[in-house]
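# Working through the structure, step by step
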Amino acid sequence: MARICWWVFTMMAGPAYAELPSAVSDILKKNGIAQENVAVFVQAVDQPRPLISHQAERPMKTASTMKLVTTYAGLELLGPAYRWRTELYHDGMLSNGVLHGNLIIKGKGDPYLMAADMRSMLEELRIAGVDEIRGDLLIDTEYFASKHHDVAAFDEKPHSPYNAAPNGFPVNIKSTSFHFFLDNRQLAIQADPDLPDIKIINQVKLTKGECGDWKNQLSFEVKPQGNLVEVKFSGEYPAACREKTVELSVLEDGPYAYNLFRQSWQEVGGKFSGQWRYASLPEMANYLMSHDSLTLAEIIRTINKYSNNLMVRQLFLTIGAERVATPAMEADSVHAIQAWLASKGLRFPELVLENGSGLSRNEQISAQHMGEMLLAAYASPVMPEYLSALPIPSVDGTMANRLRNSPARGSAHLKTGTITGVSALAGYVHDRSGRRWVAVIMVNDPKASASRAAQDALIDWVYQQPAAVNN
């Protein structure tokens, strides 16, 4: 009788298909992508077995879908209400609004301390009674271990913000926005934040014609000079583009923090003429105040909606710092996440974590184990925060322009992932019958960038699944 019951249950659960839906396989074939370079896992959240398991046990490079692992781990290990705290101290004497000594900033890895937050923090410092600083700015970044990061190692683009390395006190996501716009029929370029320490040399020629692929018509050269930097733009810019923005990481961590601090402090009426340096927080330092970040639940919305590499790397190291040791190294975070997965009965021997962002040639996981982790997250108390942080097709984030003409638009929460030779999509689909599915597709192929239509076809196919039969 027990065997008969098990057989009936198995039949009702449905078979796991190795074959891909024809709508998916046909597109892959048309675009010259071999099926052996594709892994797919699809399972309803209320079923014990997958509906599709195509090469699902094969280790696959993930690109940015690895952020799904890091952000879920962060929510469970740190909690949705976790906040990063930046602390301000001094090592001298405060008298009549004058600080006779150094101001010390103790950074603890806040991934989203923007220019407006810096200003707000310094306004609070003024309210706390500091009007003038007669000393230097000391920056303590020792929450994370000091390590050389070659920002050009991944793709030889050291000034691309997505390559920015983690730091105990990263400000403004280490990014400067260069706004291109027309001013009296001339092309103007302005930096934001508009620091006097960033010198712009505009050698761009304004041209006629359609806007088109305007970015590839531009080139730039960055020349750091101590706390200053010279950014030279050249090439062509079509007038039809009107206003556009280029994001670049042009200042080193210390000079950027120092220059932004100095400008913000002067804007709120403070006086300061000192220099800056890295230093450990002295044991006898005097506490002044602190600034708390947004909650982790809010932070991961930016991480996953817009696939921010620096922010998730900050989170990755914070997990190691909070759960293992400080100063934290990537190995501490790997250990913490592996132990957490094991505690949940999720044993993924093929999983390789490096920096938790997917901006890596080494990070990998199987589609099956990514799917199993997503199923576990759906059953977790942090599911609402986790799910709401994922991009929605045809609505927002990196999925804003995907599935626009599909009935599945607006009915899924999916994380994208793309690097050279890798393209992936993973998350949740709410089908037309009201059921929720986990869907994972990973493509590791020289033509991976041509697999988007096949990925979208898989989401369409899941969305169109017939209603479940109730016996």
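Residues numbered from 1 in each chain as written. Predicted model: local features only at pLDDT ≥ 70, side-chain atom pairs only at ≥ 80, totals over all residues. Heavy atoms only, no water.

Attention now moves to the environment of L195. Within the secondary structure, L195 sits in the loop between β11 (186-192) and β12 (198-207). Residue L195 is classed as buried on the basis of its relative accessible area, which comes to 1%. For the pair L195 and K174, spaced 21 residues apart in sequence, the C-alpha separation works out to 13 Å. Residue contacts for L195: discarding those within four places in its chain leaves L251, Y256, N259, L260 and Q263. (Helix = DSSP H or I, 4+ residues; strand = E, 2+ residues; numbered from the N terminus. Buried < 20%, exposed > 50% of the residue type's maximum accessible area, 1.4 Å probe, protein only. Contact = heavy atoms within 4.5 Å.)

We now examine the sheet that holds strand β16 (residues 271-272). Strand order in the open sheet formed by four strands is β5-β6-β8-β16, and the pairing between neighbours is mixed. In this open sheet, the two edge strands, each paired with only one partner strand, are β5 (93-95) and β16. Of the strand pairs in this sheet, strand β8 (residues 132-133) and β16 are connected by two bridges, and their pairing is parallel. In the strand pairing of β16, E132 is matched with K271. (Pairing = 2+ DSSP bridges.)

With that out of the way, let us pick up unusual backbone geometry. In this model, D192 is joined to P193 through a cis peptide bond whose omega is 5°. If you trace the backbone, P193 turns up in the loop between β11 and β12. Look at the link from T326 to P327: it is a cis peptide, with omega at -5°. Considering the arrangement of structural elements, one finds P327 in the loop between α7 (309-323) and α8 (330-343). The phi dihedral of N172 falls on the positive side, at around 55°, and the residue is not glycine. Structurally, N172 can be placed in the loop between β9 (137-140) and β10 (176-183). Using a relative accessible area of 9% as the deciding quantity, one classes N172 as buried. In this model, S394 sits at a positive phi of 65°, which is unusual for a non-glycine residue. Mapping S394 onto the fold places it in the loop between α10 (383-388) and β20 (412-419).

Time to look at empty space enclosed by the protein. Throughout the structure, instances matching the rule amount to one cavity of 30 Å³ or more. Counted as a void, the largest cavity has a volume near 30 Å³. Surrounding the largest cavity, P224, G226, L228, V250, L251, E252 and P255 form its lining. Classifying every residue of the lining of the largest cavity by side-chain character gives five nonpolar, one polar and one charged. (1 Å grid on protein atoms, 1.4 Å probe; cavity = no way out; pocket = protein on both sides within 12 Å on 5 of 7 lines; lining within 4 Å. Points joined across faces, edges and corners; volume = space filled by probe spheres on them. Nonpolar A, V, L, I, M, F, W, Y, C, P; charged D, E, K, R; others polar.)

A separate point is the packing of aromatic side chains. By the definition in use, this model includes 15 aromatic pairs. On the basis of an interplanar angle of 75° and a centroid distance of 4.9 Å, the ring pair of Y72 and W340 is categorised as edge-to-face. You can see Y72 sitting in helix α3 (residues 67-78) and its partner W340 sitting in helix α8, a full 268 residues away along the chain. With relative accessibility at 6%, the residue W340 sits in the buried group. Look at Y378 and Y428: their rings are 5.8 Å apart centre to centre, the planes differ by 40°, and that puts the pair in the tilted class. In this pair, Y378 sits in helix α9 (residues 367-378) while Y428 sits in strand β21 (residues 422-430), placing the two residues 50 residues apart along the sequence. (Phe/Tyr/Trp six-rings, centres within 6.5 Å; stacked < 30°, edge-to-face > 60°.)

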